Amino acid sequence: MAMAGEKGRGRWFVIAVPYLWLLALFLAPFLIVFKISLSQDVVAQPPYAPTLDLAQGWAGFTEFLSGLSFANYAYVLDFSNEFLEAYGSSLIIASISTVLLLLVGYPVAYAMARAPRSIQPTLLMLVILPFWTSFLIRVYAWIGILSQEGLLNQALMALGVIHTPLEILNTNLAVYIGIVYSYLPFMVLPLYAALEKLDLTLLEAAADLGCPPAKAFWTITFPLSLPGVAAGALLCFIPAVGEFVIPDLLGGSDTLMIGKSLWTEFTVNRSWTVSSAVAVLLLLVLVIPIVIYQNIQQRELEAGK
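Residues numbered from 1 in each chain as written. Predicted model: local features only at pLDDT ≥ 70, side-chain atom pairs only at ≥ 80, totals over all residues. Heavy atoms only, no water.

Caption draft 1: Here's a closer look at the UniProt feature "domain: ABC transmembrane type-1" (unreviewed entry) in the protein chain. Under the present numbering, the feature "domain: ABC transmembrane type-1" (unreviewed entry) in UniProt falls on residues 87-293. Strand forms 0% of residues 87-293 and helix 75%; the C-alpha atoms that close the span are 21 Å apart. (UniProt positions renumbered as here; feature names shortened; annotations may be inferred. Helix = DSSP H or I, 4+ residues; strand = E, 2+ residues; numbered from the N terminus.)

Caption draft 2: Representation of the packing of aromatic side chains. Tallied over the entire structure, the rule returns 17 aromatic pairs. Ring centres of Tyr106 and Phe222 lie 5.7 Å apart, and the angle between their planes is 45 degrees; on these two criteria the pair is classed as tilted. Taken together, the positions of Tyr106 in helix H4 (residues 83-114) and Phe222 in helix H10 (residues 213-224) put the pair 116 residues apart, joining distant regions of the chain. On the basis of relative accessibility, which here comes to 8%, the residue Tyr106 falls in the buried class. Grouping aromatic residues by their ring pairs yields a cluster made of Phe26, Phe30, Phe34, Phe70 and Tyr73. Over the face of the ring belonging to Tyr110 we find Arg114, whose NZ or CZ atom lies 4.9 Å from the ring centre. (Phe/Tyr/Trp six-rings, centres within 6.5 Å; stacked < 30°, edge-to-face > 60°. Buried < 20%, exposed > 50% of the residue type's maximum accessible area, 1.4 Å probe, protein only. Lys NZ or Arg CZ within 6 Å of the ring centre and 35° of its normal.)

Caption draft 3: Region of the structure containing the packing of H4 against helix H8 (residues 172-196). Remark: H4 packs on H8, axes separated minimally by 6 Å, with the N-to-C direction vectors making an angle of 45 degrees. Considered as vectors, H4 and H8 are oriented oblique to each other. Considering the relative orientation of H4 and H8, their crossing is right-handed. Within the contact of H4 with H8, the residues separate by chemical class into 23 nonpolar, three polar and two charged. (Axes fitted to C-alpha atoms, helices over the stretch in contact; angles between N-to-C directions. Parallel < 35°, antiparallel > 145°, perpendicular 65-115°, else oblique. Left-handed = near helix turned anticlockwise from the far one by under 90°. Nonpolar A, V, L, I, M, F, W, Y, C, P; charged D, E, K, R; others polar.)

Caption draft 4: Representation of the pattern of salt bridges within the structure. A full pass over the atoms with the stated rule returns one salt bridge. Across the pair Glu196 and Arg117 runs a salt bridge whose closest N-O atoms are separated by 2.7 Å. Placement of the pair is Glu196 in helix H8 and Arg117 in the loop between H4 and helix H5 (120-128), with a sequence separation of 79 residues. Since its relative accessible area comes to 25%, Glu196 is described here as partly exposed. Looking at Arg117, the relative accessible area reads 58%, which means it is exposed. (Salt bridge = Lys/Arg side-chain N within 4 Å of Asp/Glu carboxyl O.)

Caption draft 5: How the structure looks around a nonpolar patch on the surface. A cluster of nonpolar side chains, Leu20, Trp21, Leu22, Leu23, Leu25, Phe26, Leu27 and Leu31, forms an exposed patch at the surface whose accessible area comes to about 840 Å². By the secondary structure assignment, Leu27 is in helix H1 (residues 2-37). For Leu27, a relative accessible area of 36% gives the class partly exposed. (Patch = residues over 30% accessible without salt bridge, like charges linked within 9 Å, V, L, I, M, F, W, Y side chains within 5 Å. Areas by Shrake-Rupley, 256 points an atom, 1.4 Å probe, with all protein chains shown as cover.)

Caption draft 6: Up close: the UniProt feature "transmembrane region" (unreviewed entry) in the protein chain. Residues annotated in UniProt with the feature "transmembrane region" (unreviewed entry) correspond here to residues 12-34, 86-111, 123-143, 173-195, 216-241 and 272-293. Here residues 86-111 is 100% helix and 0% strand, with 37 Å between the C-alpha atoms at its ends.

Caption draft 7: Expanded view of the side chain of Ser271. Within the secondary structure layout, Ser271 lies in the loop between helix H13 (258-267) and helix H14 (272-304). Residues within four places of Ser271 in sequence aside, it is in contact with Asp41, Glu265 and Phe266. (Contact = heavy atoms within 4.5 Å.)

Caption draft 8: Focus on the layout of surface pockets. Space inside the largest pocket adds up to approximately 200 Å³. What lines the largest pocket is simply Leu226, Pro227, Val229, Ala230, Leu234, Pro289, Ile292, Tyr293, Ile296, Gln297 and Glu300. Partitioned by chemical class, the residues of the lining of the largest pocket number nine nonpolar, one polar and one charged. (1 Å grid on protein atoms, 1.4 Å probe; cavity = no way out; pocket = protein on both sides within 12 Å on 5 of 7 lines; lining within 4 Å. Points joined across faces, edges and corners; volume = space filled by probe spheres on them.)

Caption draft 9: Broad picture of unusual backbone geometry. Here the amide bond leading from Ala49 into Pro50 is cis, since omega sits at 10 degrees, within 30 degrees of zero. Structurally, Pro50 can be placed in the loop between strand E2 (48-49) and helix H2 (58-66). At Asn170, a residue that is not glycine, the phi angle is positive and equals roughly 65 degrees. Relative to the helices and strands, Asn170 resides in the loop between helix H7 (151-158) and H8. The phi dihedral of Arg270 falls on the positive side, at around 55 degrees, and the residue is not glycine. Within the secondary structure layout, Arg270 lies in the loop between H13 and H14.

Caption draft 10: Representation of the nonpolar core within the structure. One finds Val76, Tyr87, Ile179, Ile246, Leu250, Ile258 and Val278 to be the most contacted residues of the largest nonpolar core, which totals 49 residues. Mapped onto this core, the elements with two or more residues apiece are helix H3 (71-76), H4, helix H6 (135-146), H8, helix H11 (226-241), helix H12 (245-249) and H14. Here this core gets eleven residues from one element, more than from any other, and that element is H8. Beyond its immediate sequence surroundings of up to four residues, Val278 is in contact with Val76, Phe83, Tyr87, Ile258 and Leu262. (Core = buried A, V, L, I, M, F, W, Y, C linked by side-chain atoms within 4.5 Å.)

Structural data, given as structure tokens:
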């Protein structure tokens, strides 16, 4: 009985650790941001009100609750402001970037999965290698590549492809290039994990039955790699929606994304309350694809049983 009790406590401890981690590093900060989003801007420290004064007891708690409102959410969702446009623009840019990442990452992951096993670790290292350099430095490097006097324009003009420099920097095209370059490993690694486990005897059986390679890919390989496609798409889409560094450095003033709007509201307008409301709504928007993906996975697991 004592052994069973110890095993039970050990099992509960293992289960409790990730929940405590989420409570301390996700739920608690989220509740703080959510509370600030229900407050009002004031010229004070902290720059929002109301604040909870525990010394006043229940009266202080009642006064604190009465001062909270959803006015900031109404302001953010007002069509006269740019926030809804920024949300829509961010979703469009992130969606297009995710499709581009899939088009670029799938062939790379497929080639890695079909490469000899002796060189697969080296190929994996080459994919992960960019993470060894600062993200900010890698994005800054693209300024020198995409500017009018940059390496790309110089190379194209030297080859005679163009006669005048292309206007690439400070456009949405530069943002797409930066996102695809920065998030490519997040797409390649899940796809490689799915393709590497593929049973090649299925393709051999399809070839024996006279199935062309292209048809075998679309009927066997691609459907079996869909879990990797979904995982890679989520890993790229979610951070791309809230991206700030890439559109700020590579995009122009016309590049409107919610990350830039949030940063402007927080640093320029000094509105902690509105920027908190923007952040909470952004989180709610990103939770939707995660819930859909989890529901699909749950259905597949139930179907597999």
